[in-house]
Amino acid sequence: MKLKIKKELPYLLFVLPAFLVYTVLTMIPLLQTMGLAFTNWDGYSLRNLKFVGFDNFKNLFSDRSMKSSLINTCFYSLIFPVLATLFAIPLSLALNSKMKTRNLQRAVFFFPSVPSAMILGYLWAYILAPTSNGLLNKFLGIFGIDPVLWLAIPKWAMFSVMMVNLWSAVGWHACIYLAQLQSIPAEYYEAATVDGASSWQRFRYITFPMLSSAMTVSVMLLLLTSMKLFDLPFALTSGGPGTSTTMISHIIIKTGFVEKSYGKAMAMSVIFFIFIALVSILQLRLMKKREVE
Amino acid sequence: MRKTALFLAGFMMIISVLTGCTGSAGKSNEAETQTQGKETAASDTGEGNVSSKDKKTISLLSWYTEEQLGEFLREFEAENQGITIDLQYVPPVQQYVDKFSVLVASGQMTDMFFTAAETKRDIVDKGLAEDLSSMEIFNRIDKNTSATYGNDGEIYAYSPDAWIAGIFYNKVLFEEAGIDKVPETWDEFVECFAKLKEYGVEPYLDYADGVHSLAQILYQCMVISSEPDADEQINNGNSTFTEKYTEPFAIWYNDLISSGLYSQVSLGLNSEQLLDMFVNGEVAMMGGGPWDVTTIENRNPDLDYDVFGISDKNGNTILSGAVGVGLSISTSSDNKEECWAFIEFMSREENILKWQKVTNNFIIVEGIDYSVDTVFERFKGDVVEGNFYLPQIVWKNSAGIYKELLIGIQDAITGADKIENIPVRLDEKQAELNQ
Amino acid sequence: MQGKRRGIKSYIGEILMLGICAIFFIPFYYLIVNTFKEARAATISPMSLPIKSFTLDLYKKAFDTINFWSSFRNSLLITVISVTIIIVFGSMAAYVINRHKNKLTKFLFIYFLIGFMVPAQTTLIPLFNMMSIFKLQNSVLGMIVLYSSWCNFAIFMYQGFLGGVPRDLEEAARIDGAGLWKMFWHIVFPLLKSVTITIIIFDVMWIWNDFMMPYLFISSSSKFTLVMEVYKSVGEHASNWTVMLCTIVIVLVPITIFYLFMQKHIIAGITSGAIKG
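Since the model is a prediction, treat every value here as computed from it, not as a measurement.

Cut-offs and rules
Per-chain numbering applies: the sequence of each chain, read as written, is numbered from 1 onward. Here chains are named by letter from A upward and ligands by number from 1 upward, in the order in which they appear as written. It should be noted that, the model being predicted, local features are given only for residues of pLDDT at least 70 and side-chain atom pairs only at 80 or more, the latter also being counted only at that level, while totals for whole chains, interfaces and linings use all residues. A helix here means a DSSP run of H or I that spans at least four residues, while a strand means a run of E at least two residues long, and both kinds are numbered starting from the N terminus. We compute the radius of gyration over the C-alpha atoms and compare it with the globule rule, which gives 2.2 Å times the number of residues raised to the power 0.38. Contacts are defined on C-beta atoms placed from the backbone: any two residues whose C-beta positions lie within 7 Å are in contact. Remark: C-beta atoms are placed from the backbone, and a residue is labelled buried if 20 or more other C-beta atoms sit within 10 Å of its own, exposed if 12 or fewer do, or partly exposed between those counts. Gly counts as polar in this scheme, as do all residues outside two lists: the nonpolar Ala, Val, Leu, Ile, Met, Phe, Trp, Tyr, Cys and Pro, and the charged Asp, Glu, Lys and Arg. DSSP-based pairing: two strands are paired if at least 2 bridges between them are found. In this analysis an axis means a line fitted to C-alpha atoms, helices contributing only their contacting stretch, and an angle means the value between N-to-C directions, from 0 to 180 degrees. Here, expected helix span is obtained from the residue count minus one, scaled by 1.5 Å. On a scale of 0 to 100, pLDDT captures the predictor's confidence in every residue. Under the definition applied here, buried Ala, Val, Leu, Ile, Met, Phe, Trp, Tyr and Cys residues are grouped into a nonpolar core through C-beta atoms within 7 Å. We call a crossing left-handed when the near helix sits turned anticlockwise from the far one by less than a right angle, and right-handed when that turn is clockwise. Whether a crossover is right-handed depends on one test, that the path from the first strand over the helix to the second runs clockwise when the strands point away from the viewer. Any angle between 65 and 115 degrees counts as roughly perpendicular, while under 35 counts as roughly parallel, over 145 as roughly antiparallel, and the rest as oblique.

### Observations regarding the overall build of chain A
Check the secondary structure of chain A and you find 13 helices and zero strands. In sequence order, the secondary structure elements of chain A are arranged as α-α-α-α-α-α-α-α-α-α-α-α-α. Taking 2.2 N^0.38 as the reference for a compact globule, 293 residues should give roughly 19 Å; the C-alpha atoms of chain A span a radius of gyration of 24 Å, well beyond that estimate. Once local pairs closer than 6 in sequence are excluded, the contacts in chain A between residues at least 24 apart make up 68%.

### As for the overall build of chain C
Looking only at helices and strands, one finds 14 helices and zero strands in chain C. Mapped in sequence order, the helices and strands of chain C form the string α-α-α-α-α-α-α-α-α-α-α-α-α-α. Relative to its full complement of 277 residues, chain C shows a buried share of 45%. Contacts spanning at least 24 positions in sequence make up 74% of the contacts within chain C whose residues lie at least 6 apart.

### Considering the interface of chain C and chain A
Each partner contributes residues to the interface: chain C has 60 residues there, and chain A has 64 residues. Its residues assigned to classes, the side of chain C that touches chain A comprises 43 nonpolar, 15 polar and two charged.

### Concerning the sheet that holds strand β1 (residues 56-62) of chain B
Residues and elements named next belong to chain B. Strand order in the open sheet made by the four strands is β2-β1-β3-β11, with mixed pairing throughout. The outermost strands of the open sheet, each flanked by one partner alone, are β2 (83-89) and β11 (326-329). Sheet twist, expressed as the mean angle between neighbouring strand axes with direction ignored, is 30°. Where strand β3 (residues 112-115) and β11 come together, four bridges link them in antiparallel fashion. Paired with Met-112 across the strands is Ile-329, a residue of β11. Along the sheet, helix α13 (residues 336-346) contacts β1, β2, β3 and β11; its crossing angle with β11, the most-contacted strand, is approximately 160°.

### Brief notes about helix α10 (residues 212-228) of chain A
In this model, α10(A) (17 residues) spans 24 Å end to end at C-alpha, consistent with the 24 Å of a helix rising 1.5 Å per residue. Among the residues of α10(A), those classed as buried are A:Ala214, A:Met215, A:Thr216, A:Val217, A:Ser218, A:Leu222, A:Leu223, A:Ser226, A:Met227 and A:Lys228.

### Some points on the environment of B:Glu184
Residue and element names in this part refer to chain B. You can see Glu-184 is positioned in the loop between α6 (171-176) and α7 (186-199). When the C-alpha atoms of Glu-184 and Val-424 are compared, they prove to be 31 Å apart, with 240 residues separating the residues in sequence. For Glu-184, the residues in contact, after removing those within four places along its chain, are Ser-311 and Gly-315.

### Considering the confidence of the model for chain C
Residue and element names in this part refer to chain C. Chain-level statistics for chain C give a pLDDT mean of 80 and a share of 85% at 70 or above. Taking the mean pLDDT of every element in chain C, the minimum, 64, falls on helix α2 (residues 39-44) and the maximum, 93, on helix α7 (residues 140-148). The ipTM assigned to the predicted complex is 0.84, against a pTM of 0.83.

### Some words on the nonpolar core
Considering soluble globular proteins, one finds that nonpolar side chains tend to be buried as a cluster. Counting 280 residues, the largest nonpolar core has B:Ile164, B:Leu218, C:Ala93 and C:Ile155 as its most contacted members. Examining the composition of this core, we find that 14 residues originate from one element, helix α1 (residues 2-36) of chain A, more than from any other. Not counting residues up to four positions away in its chain, the partners in contact with C:Ala93 are A:Phe14, A:Val15, A:Ala18, A:Phe19 and C:Ile155.

### Section: the packing of helix α4 (residues 68-99) of chain C against helix α11 (residues 193-209) of chain C
Residues and elements named next belong to chain C. Between α4 and α11, whose axes approach to 9 Å, the crossing angle comes to 145°. Judged by the twist between their axes, the crossing of α4 over α11 is right-handed. Judged by residue contacts, Ser-75, Ile-78, Thr-79, Ser-82, Val-83, Ile-86 and Ile-87 of α4 engage Thr-196, Ile-199, Ile-200, Asp-203, Val-204, Ile-207 and Trp-208 from α11.

### Thoughts on the confidence of the model for chain A
Across chain A, the average pLDDT comes to 85, with 96% of residues at or above 70. Confidence scores differ between elements of chain A, with helix α2 (residues 55-58) of chain A showing the lowest mean pLDDT of 80 and helix α3 (residues 64-95) of chain A the highest of 91.

### Details of the pairing of β1(B)
Residue and element names in this part refer to chain B. In terms of residue burial, β1 counts as a mostly covered element, since six of its seven residues are buried. When β1 meets β2, the two strands line up parallel, connected through seven bridges. Paired with Ile-58 across the bridge in β2 is Ile-85. Viewed along the sheet, the connection from β1 through helix α2 (residues 66-79) into β2 turns out right-handed. Pairing between β1 and β3: two bridges, direction parallel. When the bridges of β3 are listed, Leu-60 appears paired with Met-112.

### Topic: the environment of A:Val82
Its place among the elements puts A:Val82 in helix α3. Classification of A:Val82 as exposed rests on a count of 12 C-beta atoms within 10 Å.

### Concerning unusual backbone geometry
A positive phi is found at A:Ser238, a non-glycine position, where the angle reads about 55°. If you trace the backbone, A:Ser238 turns up in the loop between α11 (231-236) and α12 (248-258). For B:Asn360, which is not glycine, the phi dihedral falls at a positive 65°. Structurally, B:Asn360 is set in the loop between α14 (349-359) and β12 (362-363). Take B:Asn360: there are 19 C-beta atoms within 10 Å of it, and that puts it in the partly exposed class.

### Observations regarding helix α3 (residues 94-105) of chain B
Residue and element names in this part refer to chain B. In this model, α3 (twelve residues) spans 16 Å end to end at C-alpha, consistent with the 16 Å of a helix rising 1.5 Å per residue. When α3 is considered as a whole, its buried residues turn out to be Tyr-96, Val-97, Lys-99, Phe-100, Ser-101, Leu-103, Val-104 and Ala-105. Where α3 terminates, the next one or two residues include Gly-107, which has phi positive at roughly 70°.

### Let's talk about the packing of helix α10 (residues 241-258) of chain B against helix α18 (residues 421-434) of chain B
Residue and element names in this part refer to chain B. Direction vectors running N to C along α10 and α18 enclose 155°, while the axes themselves pass 8 Å from each other. The orientation of α10 relative to α18 falls into the category roughly antiparallel. The handedness of the crossing between α10 and α18 comes out as right-handed. Of the residues in α18, those in contact with Phe-241, Thr-242, Tyr-245, Thr-246 and Phe-249 of α10 are Ile-422, Pro-423, Val-424, Leu-426, Asp-427 and Gln-430. Here the residues of the contact of α10 with α18 sort into seven nonpolar, three polar and one charged.

What follows is the structure, encoded as structure tokens:
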């Protein structure tokens, strides 16, 4: 037994540093959150802390803003990954060309993912200004289109968030596909051309299936970031107007920091975390299966 | 195997919460022995002592920037060698409140901080600030005004000033639209909208997080003018939001929203863009306060503008205003004496006058001669009479109710909800937060 | 896709792509161009080049408002050291998880994955609590330690990549009697160059741009990071938006330079790292 530990020691020591920091600063706070969700913590002192069982969980979904943020998050997490993928794959094909300026193109498309969402949000707030002076409206004005109240009308606000997110993420995800595209052997395409396959057929039967593992990674990341989305709507619309772009992450912050119902906020966090974990596992399973096929 | 896993998880959770205990419980009110993670260049003798020659650093969570406060801090430090003030600026309003809440929740409060309407409740309920009522300066401030940041005779924040907000208007545009005098009733105010719209200019805009202001001011004019304790009644359960707020909101909605006079564009603007538009003459009126004056004059020194207050149908005016944010000393501070000294420094008459020039606010300390060199001069009398009000200061569960009000009004404007339902939502929120 | 002749069709394609690129780039053009204009000119003609109204005043003002060198230094220190630590801790842990398969390492793999599913906002206060127990808040060192805990991404990438690395060299080294430390650093780590570069790129971008953590944990202006400087000028009573745009440009310059240098490695790195994960 002692010998075994001695033998294992170097391996354990190798993992130890990462394990320590990660546990202390990621896992323990998570566990604390889960624990506090079952108490009546008021966000100030831990004296008089009482265990209240599932009380905090009871009325979670009857709250009006919670309900609408749930809908918003689900809506966003369903639509955005699909949208992003629909644009990223063709973009990756386009970037995989032999064009002379392709490196420049790749750089330009990738760059929007570099600045932080906070900065992008503030920048786009000016582009999407609802007056006829707003940049986008000025542009539309050239075609005789009336100014759109981008961030002022609920459905346009949600559209704007998706649009900015798409603009910033599509290049990044296209690169994931691009990387995989470059590993598809040229012979496959040559053989197909010889057999008389059209471009579309080449795409459908060679390219698309070969991209499946890239797709798994890309979609998983898209799902995760969509569900956890916080920065962009916060910077662009502050979750408004009303609650039209408020996501679950915003509600958790509001319940905790604004309304001071910390126990309830923790309970929401627990549910949220479980929801994310379940969806991720489900998605991974489904797509891994598809990959194998 | 399952069972052990569950047991282990539960066990770990409990341990984690308890570990949290040792972390925060130490930051209790009796903090003499605990050194917090602040930058206290602590002397070995431990206890704060002004006469001690060791270097002390006191931290100040600030609503105001280095630019605004810097001069005062340096002067204080020059007078008090051995004390350094570490200014920690957080932009108002919501960000400041958020940061404040995080610090409170994790027991990491700075030595001094500013108390705002939004944080007042928390401070009173949780005993976060020292009682300053024994300070001499409070003998020269009206008791009712001091009570803004006080409770039961105790006063938790020092503020020498008050602000009053009004409606800025572009005099040239008003003239061109045929408006010959400043509106003195609500109906005249609505008429201004109509005339300006006819003339072809945008009459009035808010920024997205300020769209509630007109509805709220109308409520003040209509209800508070006859029942100054209306919001107290709501707090005590003797009345409800539905009872008091429905009528003003309905009038606001009918006159401005249904009629199409108030533009939904407001929901897509931030305060920057709004100011820009006003300064460039793209909108004739906007709500604002003394803090906007410097910016307006910098951006367009030629703008011919003035300010007025809104009234209700009968001409009753209760202006939006409140005592300015006040300096407080944290009950968990190790350096209370130094903090006290700083507040007494700020309460010297020459510093109050200097500070007034920074904020453009009104001084509420009696016996000081000063002039407000801005358009807000016209409200000086109202300050003296105490003719200003802000529901946020009075509401229990202020932050939560305020947020719900803002979201509600936004929903009413977009049509996502009916205006009659908004006070009901406020009542529901109140019930929820009272649990 | 493959084997194209350079006919008219492909020239049109290229021009089309360049057109789309131009449109894509417009927001940044807008950002940069307006920082050189006087305030009113920016509102009136936002898209024009600043020929008549060119001014460097806004940049001067921006530099006056922010402590550029101090926060740049803070951001640099924090980013460089954190990323180094992440590479070291992450690669070591991933090596064990991938090469030394047993129940423990299987558990660890999942353990490190859980971190991805935790949205940062939900654990803010307990995190703040933890940081203060260890006296990590309001310090550059504290931020470094905090970012080190983000090593789970590196672990994920490394162990994915290691799956495709043959063990021959390690076997040979083991036979020669090399210890774990030597074997890892002298033999294995050099093989991980491309995925290391990918991880460096991603982590540098995330950490440099991160706003939430410094906002929460850093309060003294001397310790601000560069991204926080932008934030300082935002708020309900903000005063000058074109100065803020300048701040944004100033903050973006270092990360852009970094990006331009690392550009070609980004795609190469993603190939090796992400897919195999």
